[in-house]
Amino acid sequence: EPLLPAPPEPGRVVATRSLDDIGVTEWTLANGIRVLVKPTDFRDDEILFAGVSAGGTSLATTDVLLSASLAAPTVQTMGFGAFSATQLQKALAGRAVSVSPAIGTTTEEIHGAAAPSDVETALQLVHLAFTAPRVDSTAFASLRDRTQAVLVNQAASPQAAFSDTLSATMTQNHPRNLRVDTATIRQWSLDEGLEFYRARFADADDFAFTFVGTIDTASLRPLVERYLGSLPAQPGTEQVIDHGVRPPEGVVEKVVRKGLEPQAMTRIVFTGPFEFDERNRHLLRSLADVLEIRLRDELREERGGTYGVSVGAGYAHAPWQNYSVTLAFGAAPDSLDALAAAALAEIARLQEQPPSAETVQHVQEIQRRELEQGLRQNGYWLANLSARQLTGEAPISPERQRALIDALTPDAISEAARRYLSLQRYIRVSLVPEADGQAGR
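Here the structure is a predicted model, which is why all the values come from computation and not from measurement.

Undergrad: Help me understand the sheet that holds strand β7 (residues 208–213) in this model?
TA: Adjacent strands of a sheet pair through backbone hydrogen bonds, lying either parallel or antiparallel. The mixed open sheet is built from 7 strands, whose spatial order is β1-β2-β3-β7-β4-β6-β5. Bordering the open sheet on either side are β1 (13–19) and β5 (97–103), each of which pairs with just one other strand. Between one strand axis and the next, the sheet turns through 15° on average, direction left out of account. Here helix α7 (residues 190–201) sits on the sheet and contacts β5 and β6 (107–114); the angle it forms with β5, its principal contact strand, is near 105°.

Quick look at the structure:
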């Protein structure tokens, strides 16, 4: 039985543009969908693709937020068109193809992979994911029961309590800080989730697709016109809604006391508004790299207080331009505070004194190596091209990326530390064992 009962009437490409510096062709379809195509020769059996659109659960009212957040896995469990998930798995046996919808806080997306010979099948599944989510109350009940069982097991987990406290603190207990547990999961509604999913994928004209891999552009075009060009479009453009979820000002510290194991962990998170451009993003990532080297030397090598420390940088374009830098490490409970103080002292020192030229050169060498490796990977190109489809930025060339790495200096890192790591504005949440048999936060 075919995936689609009848082939949809194709749309058409109404505009074509070549981005020669990165080897990309851009199509605009009559229904408004934009498509970037980058043929590569990295692997002879792989095409990766993604479709992205702004909106996500920001468009859900708070009373249906849980069902909206779980809408995509709900639909994935029930299947598409005439096929249940099990029937679909059997129908696709022997084919190298996968397609998965997703709904995040600010986006709705669809991701897929296929062998070149199966790309038409993949696009048929994309068409079904947009137009024909299947209703199967039995499959939904089974998913809900399995999820409930997982949440029961998590309820006693110290790490779950730690994560909940960190999330609630970061959002100042905002009503839209979604906490999924054995109590709130009862609000999960099949009807609400399905309605929200259909609304997010009912209008395809603000979607942007990216295809990377072993692609014959001439062969792909008619398939894109038939299966993407035929998707429904509606007037108007959806925008991410800013519900005012913000981290707190000043310094906020909390301790979660849970568990009996003699081990502890902490997260220190710096946040703030951010000017979202390529240079600032690279500078923030580089700051995290330098700081991780410095903290690893100080906390692990010099003090021997932790097995490992990580520093991660994040940033978002919507619903507001912001950044975060997160320090994370574990230690014995009685040394956790001393190590946290040492980490903050190291940040203060970095703000006052630029790092050594050797440290910055080491970071640059790693970045150059990772860039050259990434430029030979389909996944790297897909992630970079797709992300810029959302922000409206032009794709960045390898030459521009190399120039950003070459321009990195110790003074720039020190200035970034002053800008992004304010010691008057951070959140610290720690997990320590229960003391004297008392559990709590």
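Undergrad: Looking at this model, I keep getting lost on the pattern of salt bridges. Mind explaining?
TA: Close approach of charged atoms allows side chains of opposite charge to pair. Counted by the stated rule, this structure contains 24 salt bridges. The shortest N-O distance in the salt bridge between Glu-46 and Arg-43 comes to 3.0 Å. Residue classification places Arg-43 among the partly exposed residues on the basis of a relative accessible area of 42%. Measuring nitrogen to oxygen at the nearest pair gives 2.5 Å for the salt bridge that ties Glu-249 to Arg-425. Of the two residues, Glu-249 sits in the loop between α8 (217–227) and β8 (251–257) while Arg-425 sits in the loop between α14 (410–420) and β12 (426–432), which places them 176 residues apart along the sequence. By relative accessible area, which is 61% here, Glu-249 ends up exposed. By sharing partners, the salt bridges in this structure join Glu-278, Arg-281, Arg-388 and Glu-393 into a single network.

Undergrad: How do you make sense of unusual backbone geometry when you look at a structure like this?
TA: Leaving glycine out, the prevailing phi sign among residues is negative, and the prevailing peptide bond configuration is trans. The amide bond that connects Ala-318 to the next residue, Pro-319, takes the cis arrangement and shows omega of 0°. Relative to the assigned elements, Pro-319 resides in the loop between β10 (309–316) and β11 (322–331). The phi torsion at Gln-172 lies on the positive side, around 55°, for a residue other than glycine. With phi around 55°, Asn-173 is a residue other than glycine that occupies positive phi space.

Undergrad: Please explain helix α12 (residues 378–391) as it appears in this structure.
TA: Because each turn of an α-helix spans 3.6 residues, side chains separated by three or four positions in sequence point in the same direction. Taking 1.5 Å of rise per residue, 14 residues should cover 20 Å, and α12 covers 20 Å from first to last C-alpha, within 8% of that figure. Among all positions in α12, only Asn-378, Trp-381, Leu-382, Leu-385, Ser-386, Arg-388 and Gln-389 are buried. Along α12, the residues classed as buried sweep out an arc of 160° about the axis, all on the same side. Taken from the residues just after α12, Gly-392 is the one with a positive phi, measuring 80°.

Undergrad: Looking at this structure, how should I read the confidence of the model for the protein?
TA: The predicted structure's coordinates, where accompanied by low pLDDT, should not be read in detail. A residue-level look at the protein finds 99% of positions with pLDDT of 70 or above and a mean pLDDT of 95. Contacts from residues 436–441, a stretch scored under 50 in pLDDT, to residues over four places away or in other chains number 11 contacts.

Undergrad: Which parts of the structure should I look at to understand the sheet that holds β11?
TA: Pairing is mixed across the open sheet formed by 5 strands, whose spatial order is β8-β12-β9-β11-β10. The strands lining the two open edges of the sheet, one partner per strand, are β8 and β10. The mean inter-strand angle of the sheet, taken between neighbouring strand axes irrespective of direction, is 15°. Docked against the sheet, helix α9 (residues 278–302) engages β10 and β11, running at close to 165° with respect to β10.

Undergrad: Can you help me understand the pairing of β5 in this one?
TA: Put simply, side chains in a regular strand alternate between the two faces of the sheet. Every second residue of β5 is oriented toward a common face, the buried set being Val-97, Val-99, Pro-101 and Ile-103 and the non-buried set Ser-98, Ser-100 and Ala-102. As paired elements, β5 and β6 share 7 bridges and run antiparallel to each other. By the bridge assignment, Val-99 is partnered in β6 with Gly-112. Between β5 and β6, which pair antiparallel in sequence order, lie 3 residues.

Thresholds, definitions, all that
- Going along each chain's sequence as written, the residues are numbered from 1 onward.
- Confidence filtering applies because this is a predicted model: local features only for residues at pLDDT of at least 70, side-chain atom pairs given and counted only at 80 or more, and all residues used for totals across whole chains, interfaces and linings.
- For the side-chain quantities, the full set of heavy atoms in the structure was used; hydrogens and water were omitted.
- Note on pairing: DSSP must find at least two bridges between two strands before they are called paired.
- Secondary structure counts use DSSP, requiring at least four H or I residues in a row for a helix and at least two E residues in a row for a strand, with both numbered from the N terminus.
- Lines fitted to the C-alpha atoms define the axes, with helices restricted to the stretch that makes contact. Angles between their N-to-C directions range from 0 to 180 degrees.
- Contact definition: two residues touch when any of their heavy atoms are within 4.5 Å.
- When a carboxyl oxygen of Asp or Glu is within 4 Å of a side-chain nitrogen of Lys or Arg, the pair counts as a salt bridge.
- Any residue under 20% of the maximum accessible area for its type is buried, any over 50% is exposed, and the rest in between are partly exposed; the area is computed with a 1.4 Å probe on protein chains only.
- Here the expected length of a helix is defined as 1.5 Å per residue gap, with one fewer gap than residues.
- Each direction from the helix axis to a C-beta atom contributes to the arc, which is the arc of those directions.
- Confidence scores here are pLDDT values: one per residue, from the predictor, ranging 0 to 100.

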